Amino acid sequence: EDKVVQSPLSLVVHEGDTVTLNCSYEVTNFRSLLWYKQEKKAPTFLFMLTSSGIEKKSGRLSSILDKKELSSILNITATQTGDSAIYLCAVGGSNYKLTFGKGTLLTVNP
Amino acid sequence: NAGVTQTPKFQVLKTGQSMTLQCAQDMNHNSMYWYRQDPGMGLRLIYYSASEGTTDKGEVPNGYNVSRLNKREFSLRLESAAPSQTSVYFCASREDSTDTQYFGPGTRLTVL
């Protein structure tokens with residue numbers, strides 16, 4: 001059974017801090033790892049990492065895939081209150097299905 | 001370009017009632033998915049459709065049925081709702097040849 005574990009489950013920081021969110025996985029036929037941001041509604045896509053693209057960066061957000069350690073991190077620098085959300089990690093395996101972790105709830109206080 | 005749309009946004013049912021959740025996408029994607037999201041459980045796959053005319057069970061299919069009406073539309077039906085089906089339901093479609101899925105705004109369902 002495919003498994004994705006995220007840590008920490010929740011995190012409270014102050015504006016301007018840097019945070020690192022973790023995701024580890026056990027997936028048969030790994031193809032990709034995806035990060036999503038979920039505010040009050042639907043998850044919105046952030047990054048997809050694959051064997052051929054193990055690092056992605058967009059503004060203050062960046063992510064790295066470590067295929068040896070079967071894990072990924074999502075870094076957010078200079079956090080803002082608008083970064084407050086649940087961050088979901090998902091791994092693509094067989095039949096183009098995604099297995100999701102339970103998410104990390106990030107709260108950024110002013 | 002609306003992406004993925006879902007109706008209704010909210011619904012309250014009594015135990016035993018039936019209802020259909022509607023989902024449509026305008027991105028010309030072949031694959032579509034239904035998930036439920038419960039506190040502390042993450043997103044769990046109910047059913048998916050790899051292409052028009054095909055559907056398959058996901059992790060938690062019991063109590064649900066689906067119909068892939070055409071390439072755009074994928075509906076989820078609860079034949080006899082139970083309180084355990086109280087949840088937020090998300091529909092998603094997948095960009096062809098990648099794993100990236102795009103989600104609709106969700107339906108919050110309460111079964112009393």
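Refer to the structure above for everything that follows.
So, a few notes on the structure that sits alongside this text. (Residues numbered from 1 in each chain as written. Chains lettered and ligands numbered in written order. Predicted model: local features only at pLDDT ≥ 70, side-chain atom pairs only at ≥ 80, totals over all residues. Heavy atoms only, no water.)

With the rule as written, the count across this model stands at two disulfides over all chains. In this model, Cys23 of chain A is linked to Cys89 of chain A through a disulfide, with the two sulfur atoms separated by 1.9 Å. Between Cys23 of chain A and Cys89 of chain A, the S-S torsion sits near -70°, and that sign places the bridge as left-handed. Residue Cys23 of chain A is located in strand 3 (residues 19-26), and its partner Cys89 of chain A is located in strand 9 (residues 85-92); the two are separated by 66 residues in the primary sequence. At a sulfur-sulfur separation of 1.8 Å, the disulfide partner of Cys23 of chain B is Cys91 of chain B. The chirality of the disulfide connecting Cys23 of chain B with Cys91 of chain B is left-handed, given an S-S dihedral of about -70°. Of the two residues, Cys23 of chain B is situated in strand 3 (residues 19-25) and Cys91 of chain B in strand 9 (residues 87-94); the sequence distance between them amounts to 68 residues. Assessed through its relative accessible area of 3%, Cys23 of chain B is described here as buried. (Disulfide = S-S within 2.5 Å. Helix = DSSP H or I, 4+ residues; strand = E, 2+ residues; numbered from the N terminus. Buried < 20%, exposed > 50% of the residue type's maximum accessible area, 1.4 Å probe, protein only.)

The next thing to look at is the interface of chain B and chain A. Interfaces are often described in size by the accessible area the parts lose on coming together. Taken together, the contacts link 20 residues of chain B with 19 residues of chain A. Buried area between chain B and chain A, summed over both chains or domains, comes out near 1,600 Å², and the portion from carbon and sulfur atoms is 59%. Counting the surface chain B buries against chain A, the share from its top three residues, Leu43, Asp99 and Phe103 of chain B, is 34%. Viewed at the interface, chain A and chain B are joined by one salt bridge. One salt bridge connects Arg31 of chain A with Asp99 of chain B, and the closest N-O pair in it is separated by 2.2 Å. (Contact = heavy atoms within 4.5 Å. Buried area = accessible area lost by both parts, 1.4 Å probe. Salt bridge = Lys/Arg side-chain N within 4 Å of Asp/Glu carboxyl O.)

All names here are of chain B. For strand 9, a buried count of eight out of eight residues is recorded, marking the element as mostly surrounded by other parts of the structure. Neither face of strand 9 is exposed, since Ser87, Tyr89, Cys91 and Ser93 on one face and Val88, Phe90, Ala92 and Arg94 on the opposite face are all buried. Where strand 4 (residues 31-38) and strand 9 come together, seven bridges link them in antiparallel fashion. Pairing of Arg36 across the sheet is with Tyr89, part of strand 9. Here strand 9 runs beside strand 11 (residues 107-111); their pairing, made up of three bridges, is antiparallel. The residue bridging Tyr89 from the neighbouring strand is Thr107, located in strand 11. Pairing analysis gives three bridges linking strand 9 to strand 10 (residues 101-103), with the strands arranged antiparallel. (Pairing = 2+ DSSP bridges.)

Residues and elements named next belong to chain A. Its location among the elements puts Ser72 in strand 8 (residues 71-76). Polar contacts involving the side chain of Ser72 include one to the side chain of Trp35, which spans 3.1 Å. In contact with Ser72, not counting residues within four places along its chain, are Leu21, Asn22, Cys23, Leu33, Trp35, Leu49, Ser63, Ile64 and Leu65. (Polar contact = N/O pair within 3.5 Å; in protein donor to acceptor, adjacent residues only side chain to side chain.)

Two side chains of opposite charge can pair, provided their charged atoms sit close to one another. What the rule picks out here adds up to six salt bridges over all chains. When the shortest N-O distance is used, the salt bridge between Asp83 of chain A and Arg60 of chain A registers 2.8 Å. Of this pair, Asp83 of chain A sits in the loop between strand 8 and strand 9 while Arg60 of chain A is found in the loop between strand 6 (55-58) and strand 7 (61-66), placing the two residues 23 residues apart along the sequence. Residue Arg44 of chain B pairs with Asp38 of chain B through a salt bridge whose shortest N-O separation is 2.8 Å. Residue classification places Arg44 of chain B among the buried positions, given a relative accessible area of 17%. The buried category is assigned to Asp38 of chain B, whose relative accessible area is 10%. It is possible to trace a salt-bridge network through shared partners that takes in Arg36, Asp38 and Arg44 of chain B.

This brings us to the sheet that holds strand 3 of chain B. All names here are of chain B. Pairing in this open sheet of four strands is antiparallel, and the strands run 1-3-8-7 from one edge to the other. On the outer flanks of this sheet lie strand 1 (4-7) and strand 7 (64-68), each paired with one strand and no other. Going from strand to strand, the sheet's axes swing by 20° on average, the running direction of each strand aside. Across three bridges, the pairing between strand 3 and strand 8 (residues 74-78) is antiparallel. (Axes fitted to C-alpha atoms, helices over the stretch in contact; angles between N-to-C directions.)

Below, the discussion takes up the packing of aromatic side chains. Counting across every chain of the model gives 12 aromatic pairs over all chains. Taking 5.9 Å as the distance between ring centres and 15° as the angle between the ring planes, the aromatic pair formed by Tyr33 of chain B and Tyr48 of chain B counts as stacked. Taken together, the positions of Tyr33 of chain B in strand 4 and Tyr48 of chain B in strand 5 (residues 42-49) put the pair 15 residues apart, joining distant regions of the chain. For the residue pair Tyr33 of chain B and Tyr48 of chain B, the accessibility class agrees, reading buried in each case. Members of the aromatic cluster, each reached through a chain of ring pairs, are Tyr36, Phe45 and Phe100 of chain A together with Tyr33, Tyr35, Tyr48, Phe90, Tyr102 and Phe103 of chain B. (Phe/Tyr/Trp six-rings, centres within 6.5 Å; stacked < 30°, edge-to-face > 60°.)

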